[in-house]
Amino acid sequence: MSRPNRAREALAILVVLAAGCQDYNFNPVGHCVIQPGSERVTLSSISTADVLFVVDDSGSMGAEQQALADNFTAFIQSLDDANAGRVANGLEPFDFHIAVTSTSVFWNYQTNATCRSDCPDAPGKTVCCNGSVAARQPKACTPGVTACPGTTTCSNKCAQLKGEFYCCDASGAFPPGSLTDVIPCSNVGAQCGTFERHYNFGSCVQGVGADQWPYPQGDFVSWTSATAANPRVLHFDKELYTGTKNRQGFNRTDLIGFFKGGTALGQPVQGNVITGTCGSGEEQGLSAARLALEKAVAGQQKDTYDIAGSPKWDSANRVASASAEWLHPNAKLVLVFVGDEDDCSSPADPAGGIVMQGLDVPGSDACTRDPSTNPPVGDKLYDVVTRFVDYFTGLGRPVGAAFIESAAQTSCSGDQCTPGTCCQQNCGGQVCGHDSVCGGQAAANRFFRAAGELRGRGIDVVEGSICDPDFGTLLAQIAELVKPPSGLSLPTKPAESAITVLRIADTSGRTRKVCGRPLAAASYPSLAAAQATGADWWFTAVKDVTSGAGAWNPVAVSQFVYINPQGSCIANPGETYSADYLGQVPAGGCGDDAGLNSGDDMCARKLGGSASDWTCYAGANGGGSCATATWNPATGTGTGTCICGSRINNCGP
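All figures in this text were calculated on a predicted structure; none of them were measured in a lab.

1. Looking at the overall build of the protein
Counting its regular elements, the protein contains 13 helices and 32 strands. Of all 653 residues assigned to the protein, the portion counted as buried reaches 51%. In the protein, 69% of the contacts between residues at least 6 apart in sequence involve partners at least 24 apart. Roughly 26,200 Å² of accessible area belongs to the protein as shown, and the carbon and sulfur atoms make up 52% of that amount.

In structure tokens, the structure reads:
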């Protein structure tokens, strides 16, 4: 055999040892150090994902909600295909459970009141005060406990305040003298807003809301009518993929109809994702997601159907009474934010929270303008998105996230997404404004900041523009977040593919299968074409194979392993993928430094000894001798790895 092949054979022998011994370095001779590497990923024994769509329901979102609904089939089809492949290969399908909430928590719009501790009309209290008179509201009450003033009684059907108990008369009105409660506040000197938490319909699309009833404030939502209600959690469970219906008795067509609209249970329905355009103009996506999760953790999320499929909906009082069956133990959490303005999460306080100072305009959101006006006093906006990222990642479960928000159209590709205003292509060159056609009302800086922080913690993130017309592509990418892991990220770069072993260990830790060799570097027209080769796995240049054109193509070696769902190397829930390899030495590799120093010299400089002790090895070229390793000074990385022995011994004269 040729000498380069001898070098490869020596390394291949070492990887067999590395697979069994991961706790020490190999020191064959002198300064020569070979570092074994390993990465293991154990799949959840539940193999479940809980998906939450947080959808902007403000006045400008009608077209975008419909686009999301129209392309939802792409999301489901991707997951269906993955499960069909698993079932065909005798593997257990994964299940996923979808819920929706809106960005409406409250709407605090401009008034003439100020937060004061010296209001003449309310001595000794810190309240919202208009001149010398304290602003007042209806008396909150508890049935059978609170004494209501005058002719009023405690009711949850009061005008504009339905669903919560206040003192009003039999018609739901508030007669003179019934507005008795002062409005407490916490930020003295700041302007008080009209702290609204209920829908007030005008010329808008109703969606999932109900006029005069409360905003979701993190509650799961569903479309309802006088006689029917969609389930609030859509269970695409294992039973759906091993039979024809899920545990509740709904089939695939029913579940898709419940989400996007169409037909379910043989009847026309509207979709849960059509949240409407009657919601708060003070969009609070991050707060809504946290509230939804807090309620889910506390068991407070309710559904209109129980897990057996029985209706649990009181239409007169708009009350759902069954457990929402969401979150699931050990399940992956996938958050999907959809909107056309930035996050405006702030404290739920008329003076301590953001006061919307008139209509916002593209590029200058009223939410971001408010903290700089005078008044208010103090920091109202939850400016540090880290508090939300900490919560999302602190629930003890894997996380994925997607942000379909206002960003410059066509600028989003992989990790490159520039926040900014934009218009959909069907705007015909109009300037984006408050209507149901154009998107991109204001830059989504806070959402994309949250995306960056999540990615910095190793979490898979999809970013896209609300203004790009192809929601199908974005939803297909989001589907990849829901699926079980399709790859591994290695802590260091292997020296080359020939010395990497990918295997599957069962729940006892024993190797169940050693996967085939990686697919050789080549170019394929699509991910599907690469998958059709049947190869078990291959290296890719980037972690996310859906991030851009050609991202799926196999490369010679990298830190990213893609596992082909059409190959034979598929783990069951609870099993472990293990990649064992000899890492590139040193970590950044070696190579010829623009002719100034050879790769062998670099090995000696970094690892000790002399250049004659080393070979900066980059594989064999077509002639059977060693290929030349190159060095990139801009990135400080090389294509070679330092192996023991002189170049003439390893590569020939």
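2. Quick word on the pairing of strand β27 (residues 560–563)
In the sheet, strand β22 (residues 487–489) pairs with β27 via 3 bridges, with the strands oriented antiparallel. What sits directly across from Ser489, in β27, is Phe560. Strand direction decides the pairing type here: strand β25 (residues 537–540) and β27, joined by 4 bridges, are antiparallel. Along β27, the bridge assignment pairs Trp538 with Tyr562.

3. Brief notes about the state of the cysteines
The tally for this structure, following the rule as stated, stands at 11 disulfides. For Cys515, the disulfide goes to Cys569, at an S-S distance of 1.8 Å. Across the S-S bond of Cys515 and Cys569 the torsion is about 40°, and the bridge reads as right-handed. On the criterion of sequence distance, the pair formed by Cys515 in the loop between β24 (511–514) and α11 (527–531) and Cys569 in the loop between β27 and β28 (576–582) is long-range, its members being 54 residues apart. Comparing Cys515 with Cys569 shows no difference in burial state: the two are buried. Between the sulfur of Cys626 and that of Cys651 lies a disulfide, 1.8 Å long from S to S. Across the disulfide from Cys626 to Cys651, rotation about the S-S bond amounts to roughly -85°, and the bridge is consequently left-handed. With Cys626 in the loop between β29 (614–617) and β30 (631–632) and Cys651 in helix α13 (residues 647–651), this residue pair connects regions lying 25 residues apart in the sequence. Each of the two residues, Cys626 as well as Cys651, counts as buried.

4. Section: the packing of aromatic side chains
Under the criterion given, the structure shown has 21 aromatic pairs. Both rings, one in Phe220 and one in Trp326, keep their centres 5.1 Å apart while their planes meet at 85°; by these two values the pair is edge-to-face. Taken together, the positions of Phe220 in the loop between β11 (191–196) and β12 (233–236) and Trp326 in the loop between β18 (322–323) and β19 (332–338) put the pair 106 residues apart, joining distant regions of the chain. Through successive ring pairs, a cluster of aromatic residues spans Phe53, Phe72, Phe75, Phe94, Phe96, Phe236 and Phe259.

5. Examining the nonpolar core
Counting 48 residues, the largest nonpolar core has Phe53, Phe75, Phe96, Ile98 and Phe236 as its most contacted members. Per-element tally for this core: the top contributor is helix α10 (residues 471–482), with 7 residues. Beyond its immediate sequence surroundings of up to four residues, Phe53 is in contact with Leu68, Ile98, Ala99, Val100, Thr101, Phe259, Val336 and Leu475.

6. Section: unusual backbone geometry
In this model, Trp326 is joined to Leu327 through a cis peptide bond whose omega is 15°. Relative to the assigned elements, Leu327 resides in the loop between β18 and β19. Positive phi outside glycine occurs at Gln212, with the angle close to 75°. Following the sequence through the fold, Gln212 ends up in the loop between β11 and β12. On the basis of relative accessibility, which here comes to 17%, the residue Gln212 falls in the buried class.

7. So, the environment of Val133
Positionally, Val133 belongs in strand β6 (residues 133–134). Sequence separation between Val133 and Ala113 is 20 residues, and the spatial gap between their C-alpha atoms is 9.2 Å. Apart from residues no more than four positions distant in its own chain, Val133 is found in contact with Cys119 and Asp121.

8. Structural notes on the pattern of salt bridges
Using the criterion set out here, one finds 18 salt bridges in the structure. A salt bridge links Arg136 to Asp121, with the shortest nitrogen-to-oxygen separation between them at 3.3 Å. With Arg136 in strand β7 (residues 136–137) and Asp121 in the loop between β4 (107–116) and β5 (127–130), the pair connects residues that are 15 residues apart, well separated along the chain. On the basis of relative accessibility, which here comes to 31%, the residue Arg136 falls in the partly exposed class.

9. Considering helix α3 (residues 72–88)
The terminal C-alpha atoms of α3, which comprises 17 residues, lie 24 Å apart, in line with the 24 Å expected from a rise of 1.5 Å per residue. Burial in α3 covers these residues: Phe72, Phe75, Ile76, Ser78, Leu79, Asp80, Asn83 and Arg86. Packed against the buried residues of α3 are α2 (62–70), β3 (95–102), β12, α4 (238–242), α5 (252–260) and α10. Of the residues one or two after α3, Gly90 is the one with positive phi, at around 75°.

10. Description of the side chain of Asp303
Tracing the chain through its elements places Asp303 in strand β15 (residues 302–303). Salt bridges are absent for the buried Asp303, whose nearest opposite-charge side chain, Arg232, sits at 5.6 Å. A polar contact of 2.5 Å, which involves the side chain of Asp303, links it to the backbone nitrogen of Arg232.

11. A closer look at the environment of Cys603
Relative to the helices and strands, Cys603 resides in helix α12 (residues 599–607). Owing to a relative accessible area of 0%, Cys603 belongs among the buried residues under this scheme. With sequence-adjacent residues up to four places away left out, Cys603 is seen in contact with Cys590, Gly608, Trp614, Cys616 and Cys642.

12. Some thoughts on the sheet that holds β22
With respect to topology, 4 strands assemble into an open sheet ordered β22-β27-β25-β26, the strand pairing being antiparallel. Two strands lie at the open edges of the sheet, namely β22 and β26 (554–555), each paired on one side alone.

13. Some points on the confidence of the model for the protein
Interpretation of the predicted coordinates at a detailed level should be avoided for regions scoring low in pLDDT. Overall, the predicted model of the protein reaches an average pLDDT of 81, with 81% of residues at or above 70. Confidence drops under a pLDDT of 50 for residues 359–364, and excluding neighbours within four residues, the segment shows 15 contacts in the predicted structure. This model gives residues 424–438 a pLDDT under 50, and the stretch forms 37 contacts once residues within four places in sequence are excluded.

14. What about the sheet that holds strand β2 (residues 48–55)?
Pairing within the open sheet is mixed, and its 6 strands lie in the order β12-β3-β2-β19-β20-β21. The outermost strands of the open sheet, each flanked by one partner alone, are β12 and β21 (460–465). Each neighbouring strand pair of the sheet contributes to a mean axis angle of 15°, computed without reference to strand direction. When strand β20 (residues 399–405) meets β21, the two strands line up parallel, connected through 6 bridges. The residue bridging Ala402 from the neighbouring strand is Val462, located in β21. Against the sheet, α10 contacts β2, β3, β19, β20 and β21, and its axis sits at roughly 170° relative to β21.

15. Here's the deal with the packing of α3 against α5
It is at 10 Å that the axes of α3 and α5 come closest, and there the two elements cross at 145°. In the crossing of α3 with α5, the sense of the turn from one axis to the other is right-handed. Seen from α3, the contacting residues are Phe72, Thr73, Ile76, Gln77 and Asp80; seen from α5, they are Arg252, Ile256, Phe259 and Lys260. Here the residues of the contact of α3 with α5 are counted per class, giving 4 nonpolar, 2 polar and 3 charged.

Cut-offs applied
Residues numbered from 1 in each chain as written. Predicted model: local features only at pLDDT ≥ 70, side-chain atom pairs only at ≥ 80, totals over all residues. Heavy atoms only, no water. Helix = DSSP H or I, 4+ residues; strand = E, 2+ residues; numbered from the N terminus. Buried < 20%, exposed > 50% of the residue type's maximum accessible area, 1.4 Å probe, protein only. Contact = heavy atoms within 4.5 Å. Areas by Shrake-Rupley, 256 points an atom, 1.4 Å probe, with all protein chains shown as cover. Pairing = 2+ DSSP bridges. Disulfide = S-S within 2.5 Å. Phe/Tyr/Trp six-rings, centres within 6.5 Å; stacked < 30°, edge-to-face > 60°. Core = buried A, V, L, I, M, F, W, Y, C linked by side-chain atoms within 4.5 Å. Salt bridge = Lys/Arg side-chain N within 4 Å of Asp/Glu carboxyl O. Expected span 1.5 Å × (residues − 1). Lys, Arg positive; Asp, Glu negative; His and termini not counted. Polar contact = N/O pair within 3.5 Å; in protein donor to acceptor, adjacent residues only side chain to side chain. pLDDT = per-residue confidence, 0-100. Axes fitted to C-alpha atoms, helices over the stretch in contact; angles between N-to-C directions. Left-handed = near helix turned anticlockwise from the far one by under 90°. Nonpolar A, V, L, I, M, F, W, Y, C, P; charged D, E, K, R; others polar.

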